[in-house]
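Residue-level structure breakdown
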Amino acid sequence: MARKTTVRLDNYAIAQLALSPSGPVILDMKRRANRVKNKARRLCPVDQGTLRASIADEILVERNAIIARVGSNLDYALYVHEGTGEAVGKGPIVPKSKKALRWPIKNNSGSGRRRYQGGATAGYVFSKRSRGIKPTPFLRDALDAGL
């Protein structure tokens, strides 16, 4: 006749293994999130480096679920990631309340001062419409680094 074996689970010990900040599960999630963050930074388009520098990761424990988040807190990060205007099939970007769109020109003179001198409109580009920007899904493309 077969002997009965009794197995007792220590739920507290299991929770400590899974949810403790120094436990193996959290450490593994931190390592995976860090790999995704580093790959996203490599794939991120760079203009001045602000978006790339803003990419961060965090580990959350909510209702016994471990969540790793990687992303940016910048307002324009979503537009860079998902694209805008005609590039994503939404039509051109046109001004709503003015005659033209306006955005500042970058100063490429290297002196730190504005290259162009003049009135209130000096150093701006004007356009009646913009085609938008193509999507660059750097976060989505970085997810495979966490596997």
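Residues numbered from 1 in each chain as written. Predicted model: local features only at pLDDT ≥ 70, side-chain atom pairs only at ≥ 80, totals over all residues. Heavy atoms only, no water.

Quick look at the nonpolar core
As a rule of thumb, soluble globular proteins bury nonpolar side chains together. Listed in full, the nine residues of the largest apolar core are Val-36, Ala-40, Cys-44, Leu-51, Ile-55, Ala-77, Val-80, Phe-138 and Ala-142. Mapped onto this core, the elements with two or more residues apiece are α2 (24-43), α4 (77-82) and α5 (138-142). Among residues more than four places away in sequence, those in contact with Ile-55 are Lys-37, Ala-40, Arg-41, Cys-44, Val-70, Gly-71 and Phe-138. (Core = buried A, V, L, I, M, F, W, Y, C linked by side-chain atoms within 4.5 Å. Buried < 20%, exposed > 50% of the residue type's maximum accessible area, 1.4 Å probe, protein only. Helix = DSSP H or I, 4+ residues; strand = E, 2+ residues; numbered from the N terminus. Contact = heavy atoms within 4.5 Å.)

Quick notes on the environment of Arg-140
Here Arg-140 shows up in helix α5. Judged by relative accessible area, Arg-140 falls into the partly exposed class, the value being 47%. In this structure the C-alpha to C-alpha distance between Arg-140 and Ala-40, which are 100 residues apart in sequence, comes to 8.3 Å.

The values are spatial; any link to function lies outside them.
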